[in-house]
Amino acid sequence: MSAAPAIDVRGLVKSFGGRRVVDDVSLTVAKGEISGFLGPNGSGKTTTIRLMCGLLTPDAGEGQVLGMDIRQQGHLIKREVGYMTQRFSFYEDLTIEENLAFVAGLYGLSPARQHVRDTLADLGLTARRQQLAGSLSGGWKQRLALAACIMHKPRLLLLDEPTAGVDPKARREFWDEIHARAHDGLTVLVSTHYMDEAERCHRINYIAYGKLVAAGTVAQVVKGAGLTTLVLEGPQTPAAARALRGMPGVDQIAPFGNTLHVVGRDGAALDRSARQVAQQTGCALRPSETSLEDVFIHFMGEARDNMA
Amino acid sequence: MTRWFSLTRLLTLLRKEMIQMRRDRITFAMMLGVPLMQLMLFGFAINTDPKGLPSALVAPTQDRFSRAIVSALELTGYYRFTSAGVSAAEAEALLARGDVSFVVTVPSDFGRRVLRGDAPTLLIEADATDPSVASGAISTLSTVAAQALQRELGTQAEAAAQAAQSLQVVVHRRYNPEGITQYNIVPGLLGVILQLTMVMMTAMALTREIERGTMENLLSMPATPLEIMLGKLLPYVAVSAVQVLVVLGAAQVVFGVPFVGSLHLLLGGILLFVLALLVLGYLISTVARTQMQAMQLTFFFFLPSLLISGFMFPYRGMPGWAQILGEVFPLTHFLRFIRAVMLKGAGIEAVSGSLLALVLTVLVLSLIALLRFRRTLD
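Conventions and cut-offs
- Residues numbered from 1 in each chain as written.
- Chains lettered and ligands numbered in written order.
- Predicted model: local features only at pLDDT ≥ 70, side-chain atom pairs only at ≥ 80, totals over all residues.
- Heavy atoms only, no water.
- Helix = DSSP H or I, 4+ residues; strand = E, 2+ residues; numbered from the N terminus.
- Buried < 20%, exposed > 50% of the residue type's maximum accessible area, 1.4 Å probe, protein only.
- Contact = heavy atoms within 4.5 Å.
- UniProt positions renumbered as here; feature names shortened; annotations may be inferred.
- Pairing = 2+ DSSP bridges.
- Patch = residues over 30% accessible without salt bridge, like charges linked within 9 Å, V, L, I, M, F, W, Y side chains within 5 Å.
- Areas by Shrake-Rupley, 256 points an atom, 1.4 Å probe, with all protein chains shown as cover.
- Salt bridge = Lys/Arg side-chain N within 4 Å of Asp/Glu carboxyl O.
- Phe/Tyr/Trp six-rings, centres within 6.5 Å; stacked < 30°, edge-to-face > 60°.
- Lys NZ or Arg CZ within 6 Å of the ring centre and 35° of its normal.
- Buried area = accessible area lost by both parts, 1.4 Å probe.
- Arc of directions from axis to C-beta.
- Axes fitted to C-alpha atoms, helices over the stretch in contact; angles between N-to-C directions.
- Parallel < 35°, antiparallel > 145°, perpendicular 65-115°, else oblique.
- Left-handed = near helix turned anticlockwise from the far one by under 90°.
- Nonpolar A, V, L, I, M, F, W, Y, C, P; charged D, E, K, R; others polar.
- Expected span 1.5 Å × (residues − 1).

Secondary structure summary: chain A contains 11 helices and 14 strands in total. Counting only C-alpha atoms and orienting by the principal axes, one finds that chain A spans roughly 75 × 45 × 40 Å. Looking at chain A as a whole, 52% of its 308 residues are labelled buried. For chain A, contacts bridging at least 24 residues in sequence account for 69% of all contacts bridging at least 6.

Turning our attention to the UniProt feature "transmembrane region" (unreviewed entry) in chain B. Per the UniProt record, "transmembrane region" (unreviewed entry) is annotated on residues 26-46, 185-206, 233-257, 263-285, 297-315 and 350-373 of chain B. Taken end to end, residues 185-206 of chain B comprises 95% helix and 0% strand; its first and last C-alpha atoms sit 33 Å apart.

Residue and element names in this part refer to chain A. The strand order across the open sheet built from four strands is 2-1-4-5, with neighbouring strands paired in antiparallel fashion. Taken across any chain shown, the strands that pair with only one partner, and hence form the sheet edges, are strand 2 (19-29) and strand 5 (68-69). Across eight bridges, the pairing between strand 1 (residues 7-16) and strand 2 is antiparallel. Across the sheet, the residue bridging to K14 is V22, located in strand 2.

Residue and element names in this part refer to chain B. A grouping of F28, L32, L36, M40, F44, V242, V246, V253 and V254 is seen on the molecular surface, where their side chains present a nonpolar patch of about 750 Å² in accessible area. Broken down by element, the residue count for the nonpolar patch peaks at five residues, all from helix 2 (residues 25-45). Considering the arrangement of structural elements, one finds V242 in helix 11 (residues 225-253).

Residues and elements named next belong to chain A. For the peptide bond that leads from S110 to P111, omega is -5 degrees, which places it in the cis range. Locating P111 in the fold gives a position in the loop between helix 3 (96-106) and helix 4 (112-122). With a phi close to 55 degrees, D24 is a non-glycine residue in the positive phi region. Positionally, D24 belongs in strand 2. Take D24: its relative accessible area is 49%, and that puts it in the partly exposed class. Phi at L66 takes a positive value of approximately 55 degrees, unusual for a residue other than glycine. Tracing the backbone shows L66 in the loop between strand 4 (60-65) and strand 5.

Further remarks concern the packing of aromatic side chains. All chains considered together, the criterion is met by 10 aromatic pairs over all chains. Taking 6.3 Å as the distance between ring centres and 10 degrees as the angle between the ring planes, the aromatic pair formed by B:Y79 and B:F81 counts as stacked. By relative accessible area, which is 14% here, B:F81 ends up buried. Pairwise contacts between aromatic rings join A:Y206, A:F296 and A:F299 into one cluster. A cation over an aromatic ring shows up here: A:R143 above the ring of A:W140, its NZ or CZ 5.8 Å from the ring centre.

Moving on, we come to the interface of chain A and chain B. Listed per partner, the contact involves 28 residues of chain A and 27 residues of chain B. Taken together, the two surfaces of chain A and chain B that pack against each other cover about 2,700 Å², and 58% of this comes from carbon and sulfur. Considering only the surface of chain A that becomes buried against chain B, A:L55, A:Y91 and A:L106 emerge as the three largest contributors, covering 24% of it. At the boundary of chain A with chain B, the tally comes to three salt bridges. Salt-bridge contacts for A:R50 lead to B:E216; the nearest nitrogen and oxygen are separated by 2.9 Å.

Here we take up the pairing of strand 12 (residues 252-256) of chain A. All names here are of chain A. Summarising the sheet, strand 12 and strand 13 (residues 259-264) pair through five bridges and their orientation is antiparallel. Paired with I253 across the two strands is V262, which belongs to strand 13. Hairpin remark: strand 12 followed by strand 13, antiparallel, with two residues in the connecting loop; positive phi at G257, about 60 degrees.

Take A:G139: it is sitting in helix 5 (residues 138-150). In this view, A:G139 contacts A:V166 and A:A170; residues no more than four positions away in its chain are not counted.

Let us look at helix 4 of chain A. All names here are of chain A. The set of residues buried in helix 4 consists of V116, T119 and L120. The arc that holds every buried residue of helix 4, seen down its axis, measures 100 degrees, which confines them to one face. Packed against the buried residues of helix 4 are helix 3 and helix 5. Downstream of helix 4 by one or two residues, G124 has phi in the positive range, about 65 degrees.

Quick look at the packing of helix 11 of chain B against helix 12 (residues 263-287) of chain B now. Residues and elements named next belong to chain B. As a packed pair, helix 11 and helix 12 sit with axes 9 Å apart at the nearest point and diverge in direction by 135 degrees. It follows that helix 11 is oblique to helix 12 by the angle criterion. The crossing of helix 11 and helix 12 is right-handed. Note on element contacts: helix 12 touches helix 11 through L266, L267, I270, L271, V274, L275, L278, V279 and Y282, opposite P225, I228, M229, K232, L233, Y236, V237, S240, V244 and L248. Tallied by class, residues from the contact of helix 11 with helix 12 come to 17 nonpolar, one polar and one charged.

With that settled, the discussion passes to helix 5 of chain A. All names here are of chain A. Taking 1.5 Å as the rise per residue, helix 5 with 13 residues should run 18 Å; its terminal C-alpha atoms sit 18 Å apart, in good agreement. In terms of burial, helix 5 is largely enclosed, as 11 of its 13 residues are buried. Listed as buried for helix 5 are G139, K141, Q142, R143, L144, A145, L146, A147, A148, C149 and I150.

Here the focus is the sheet that holds strand 2 (residues 79-84) of chain B. All names here are of chain B. Spatially, 2-1-3-4 is the arrangement adopted by the four strands of the open sheet, whose pairing is mixed. Edge positions in the sheet fall to strand 2 and strand 4 (123-126), since each has one partner strand and no second. Neighbour-to-neighbour, the strand axes of the sheet open up by a mean angle of 30 degrees, direction not taken into account. With four bridges connecting them, strand 1 (residues 53-58) and strand 3 (residues 102-105) associate as parallel partners. Looking at the pairing, A56 lines up with V103 of strand 3.

Structure, rendered in structure tokens:
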């Protein structure tokens, strides 16, 4: 892998109507890496992605995508990047084949017919090529969108919540496809809400209210959050949950079946509180690994506190 | 493949637009059906020289002269006497209610005056709330009445000459001696039909992409504003060609509108007008955010252009400020152009002013549209 990163942007700022949607975001994605982009709804993920592919111009900040300047060379970046929008944005009144032919023509792929045929075969769309895009199910629409994004052999793929509304099997296939492409050297930045998808990424970046909160591998991010997690188990977990609320050291209480996960920043205080409640309610207490989800919920709460 | 323009990309955009146009059956049918419907409706319905208007006759003395006048008036086709032999008061009420458009009064001393050669008088009261209704009927009146009298007084030559003289009116209509409204309406209709379909269709061009979310995708691919604009507009040049063929064909075959000018000049002018309309519609679609807004903007533009371009009401009859405002609309210039070329056989020098105005419209509007086009989603 060469040294220059595929994405290297610094201090990106974008405001809409006086509201800072993206606030001083810096992001680095190495070549051939699958980088997850996470954050709550409205946190600025889509806007950041649009800034990087030239669909929006930043108010402040600078950087390179594939070695090209995002302010000056947007038209060149467009040729090398495949951008898959959050909402299906191909023509529903065109067939799969016609949509792909349209994309091939705009990128000047020659011979267009051959590129379309190869892409159809590559993604298993050949049998459905005469079907109107509007009549496809969510999974097939997503497959068409992916086909259209990778047909021109981009070096960077920007995927904005690609698996929203897609069933688990199609999701699994989609991720297998992404991993295969990354193995061939394609760089991928993918935004998602799903924890299992985040864990499939080489690195993750967490953004909340326009600010980048954490970045690194999943293990690094979890460790960096500095959280302690304890599990209470027993018949009285609902009572335990009520008792724990508001006690020193307790930041999050989440029931999982018959168990109760308690998470906090101050490990010692959390331990004291949990011990006390476990004794009162007759629950068993044991330490546990902090999950990525616990970390994200913690980040969200923290970011909201900062906003207030 | 250059950065600013590529034929491959343009052809790709064109192919896509054509497929979408073909699949959208209702819109496609509308583009062909609406012009036909409008042509038939307006072509036959609009008539600024109406005939067979209901009239009342007040004639206290029924003599051969009054009968001659009445039958002569009926023969013109303008007057249809629905109430004959009513009193002056009854006639007054009929006119006030709008039951009749005219009241013709033959005074009791009419016959005596005619025989004496002593300037006979006829009273015609017209319902002038719609001035165009009465104009044709009134203009034929004096001639017809004089001729009727002359026929009746064939033997008394001297009195006839005197009586007829006092009623003499010269009506001189150039280019359209019979006053056939279709000659005026049908060429104008071509302009109106083109305006409605072309502006509306292109006004939705970009807003449809924005509403369906496909704009984001289109912008993330390497297509330039000029290519996107041409890709959206050129298919409609083909549609307009079909509309022009239909309307001009019908003008000849169905309405018998004379065509005395140059066909090349006519088609060239029509092409300019179509381009102006397409660019105007495209400009609307760069301003509007939704298809609904595009539609509203189109109608906001459409009604005034219909009313003050000279299509509905005589252009020269409007006050000065309205005429200046009218110059803004491409339709105004097109109407002047097409009436001059089709009916008067005008050459290119005679219509150069209108053509120049259309060329300017196309250039200025395309420039604004290209500058307004949002290449990003900002």
